[in-house]
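# Topology and contacts: notes
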Amino acid sequence: MKKTILTGLRPTGNLHLGHLFGAGQNWVKLQDEYNFYLEIADVQALTDNFNNPEKVRKNVKEITMDLLSIGIDPEKVNLFIQSKIPEIAELTVYYSNLVTVARLHRNPTVKTEIAQKKELFGNEGESITYGFLGYPVSQAADITAFDGELVPVGEDQLPLIEQCREIVRKFNNIYGDTLTEPESYLSKTKRIKGLDGNEKMGKSLGNAIYLVDDEETVNKKIMGAVTDPDKIKKDDPANPDVCMVYYYHKLVNTDENVNTICSECKKGERGCVACKKELAARMNEFLSDFRAKRKQYEENPELVQKILDEGTKRAQEKAKEQMAKVRKAMKIDY
Ligand code: TRP
């Protein structure tokens, strides 16, 4: 029997290189070995974007096309939309009794996000909604609705998986052994740095290369990437380890070329402009397969809809089964 994995992503923007190297490539590998549920977490996206429903709606389609174009195979993966699974909302209500407000406030991921909101909006009381504070509970419902055993996520999500495990243990303690305690599954490349040298590539940081970026945009972005600030002239020797251009070469170029680039850079035999141009060409080549697939899906919106409908239907069946078990354990199976 294949193990079940579940993971999700918020439809708030297109996928960028950080998503691809940090998670997407790993998902594509896992789809052969596991029973895979991949959730487009529109309900979770709405916790932060409740006043911008158009954005979430648009990005459900965008992200679906991105995922399919990186190689997520809809025959192997149950790709589904969270809001189409009412059982998740129902489980969230029951689980909300099993977690204290104080514990949610102590969740490190929630804590960081509250700090960010405070910085943006000032007064916490005005910006922290009940729905936001409770999203870890809803995420526990996402995972357990499908009996998820493994959850492939980035490091920042670990506290949310831990919170889910606590809820599962408490549920099983009170209502009897019903739910599986999930384990997180960290991918090897954890985080991709941004064009500006920031530790994280992110939409809000404005330092990302998106998979949907066209050639010209990629060229422009790479031209603006941060290089060794101590290198002033073209033939100054430099330190590739502080250079974002070298960093991306390592992601998309061959080992042999990377070695040459490294030694030329150190010896001052390589100008940054030429090095950037070479990287841009490589990057565009790297993205060409994605672009070709993406174009096909863009031209066939009915197919994209059908894939979502079918994945969602399979997910609904599983969630229904799981819900029946939970209702029985909680003695609400009237
Ligand atoms: N919170 C995750 C993120 O922001 C997305 C997500 C929603 C998720 N539901 C999930 C991840 C369930 C893992 C499991 O990236």
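Below or above, wherever it landed, is the structure these notes cover.

This part covers the packing of aromatic side chains. This model, assessed by the stated rule, comprises eight aromatic pairs. Look at Y37 and F80: their rings are 6.5 Å apart centre to centre, the planes differ by 75 degrees, and that puts the pair in the edge-to-face class. In this pair, Y37 sits in strand β2 (residues 35-40) while F80 sits in strand β3 (residues 77-81), placing the two residues 43 residues apart along the sequence. With a relative accessible area of 6%, Y37 lands in the buried category.

End to end, helix α3 (residues 53-70) covers 26 Å across 18 residues, agreeing with the expected 26 Å (1.5 Å per residue, within 8%). Maximal helix bending in α3 amounts to about 25 degrees, located at N59. For α3, the full list of buried residues reads V56, N59, V60, E62, I63, T64, M65, D66, L67, L68, S69 and I70. Backbone geometry just after α3 places G71 at a positive phi near 115 degrees.

It is the contact of α3 with helix α15 (residues 301-329), at a shortest axis distance of 11 Å, that shows an interaxial angle of 90 degrees. On the basis of their axis angle, the class for α3 and α15 is roughly perpendicular. The residues of α15 that touch α3, namely those facing V60, K61, T64, M65 and L68, are V304, Q305, I307 and L308. Each residue belonging to the contact of α3 with α15 can be placed in one class, and the counts come to six nonpolar, two polar and one charged.

What follows concerns the site of the ligand. Looking at the ligand, there are 14 residues lining it, with R10, Q44, Q139, D142 and Q157 nearest. With respect to the ligand, the side chain of E39 contributes an N or O atom lying 3.4 Å from a nitrogen atom. Q44 is positioned such that a nitrogen or oxygen atom in its side chain is 2.7 Å from a nitrogen atom of the ligand. Contact with the protein chains removes 87% of the 370 Å² of surface that the ligand exposes when unbound. Mapped by element, the contributors of at least two residues to the shell around the ligand are β1 (4-9), α9 (135-144) and β4 (150-153). A total of four residues in the shell around the ligand trace back to one element, the largest contributor, which is β1. In terms of residue class, the shell around the ligand is built from six nonpolar, five polar and three charged.

Here the focus is the environment of F21. By the element assignment, F21 lies in helix α1 (residues 17-30). Accessibility expressed as a relative area gives 9% for F21, which makes it buried. The spatial distance from the C-alpha of F21 to the C-alpha of Y135 is 26 Å, given a sequence separation of 114 residues.

Right, let's talk about the pattern of salt bridges for a bit. If you walk through the whole model with that rule in mind, you get 22 salt bridges. In this structure, R165 and E181 form a salt bridge, with 3.1 Å as the shortest nitrogen-oxygen distance. Residue R165 is located in helix α10 (residues 158-175), and its partner E181 is located in the loop between α10 and β5 (183-186); the two are separated by 16 residues in the primary sequence. Judged by its relative accessible area of 30%, E181 is partly exposed. Through salt bridges that share partners, E62, D66, R294 and E298 make up one connected network.

With respect to the helices and strands, the residue S138 is situated in helix α9. Ignoring anything within four residues of it in the chain, the contact list for S138 reads Q82, I88 and T92.

At a minimum axis separation of 9 Å, helix α12 (residues 244-252) and helix α13 (residues 255-267) run at an interaxial angle of 165 degrees. Relative to α13, the element α12 is oriented roughly antiparallel. When the axes of α12 and α13 are compared, the crossing they make is left-handed. Mapping the contact onto sequence places Y246, H249 and K250 in α12 and V258, I261 and C262 in α13. Each residue belonging to the contact of α12 with α13 can be placed in one class, and the counts come to four nonpolar, one polar and one charged.

With that settled, consider the nonpolar core. Core analysis: the largest hydrophobic core is formed by 53 residues, its most contacted members being L38, L67, L79, L211, Y248 and M283. When residues in this core are grouped by element, the largest group, seven residues, is from helix α14 (residues 272-298). Apart from the residues lying within four places of it in its own chain, the contact partners of M283 are L17, I209, V218, I222, Y248 and V252. Of all hydrophobic cores here, the second largest spans 39 residues; its members include L91, L104, F171 and A329.

Rules and cut-offs
Residues numbered from 1 in each chain as written. Predicted model: local features only at pLDDT ≥ 70, side-chain atom pairs only at ≥ 80, totals over all residues. Heavy atoms only, no water. Phe/Tyr/Trp six-rings, centres within 6.5 Å; stacked < 30°, edge-to-face > 60°. Helix = DSSP H or I, 4+ residues; strand = E, 2+ residues; numbered from the N terminus. Buried < 20%, exposed > 50% of the residue type's maximum accessible area, 1.4 Å probe, protein only. Expected span 1.5 Å × (residues − 1). Bend = angle between axes of the 7 residues up to and from the residue. Axes fitted to C-alpha atoms, helices over the stretch in contact; angles between N-to-C directions. Parallel < 35°, antiparallel > 145°, perpendicular 65-115°, else oblique. Contact = heavy atoms within 4.5 Å. Nonpolar A, V, L, I, M, F, W, Y, C, P; charged D, E, K, R; others polar. Near = heavy atom within 4 Å. Polar contact = N/O pair within 3.5 Å; in protein donor to acceptor, adjacent residues only side chain to side chain. Areas by Shrake-Rupley, 256 points an atom, 1.4 Å probe, with all protein chains shown as cover. Salt bridge = Lys/Arg side-chain N within 4 Å of Asp/Glu carboxyl O. Left-handed = near helix turned anticlockwise from the far one by under 90°. Core = buried A, V, L, I, M, F, W, Y, C linked by side-chain atoms within 4.5 Å.

Any functional reading would require information beyond the geometric quantities listed.
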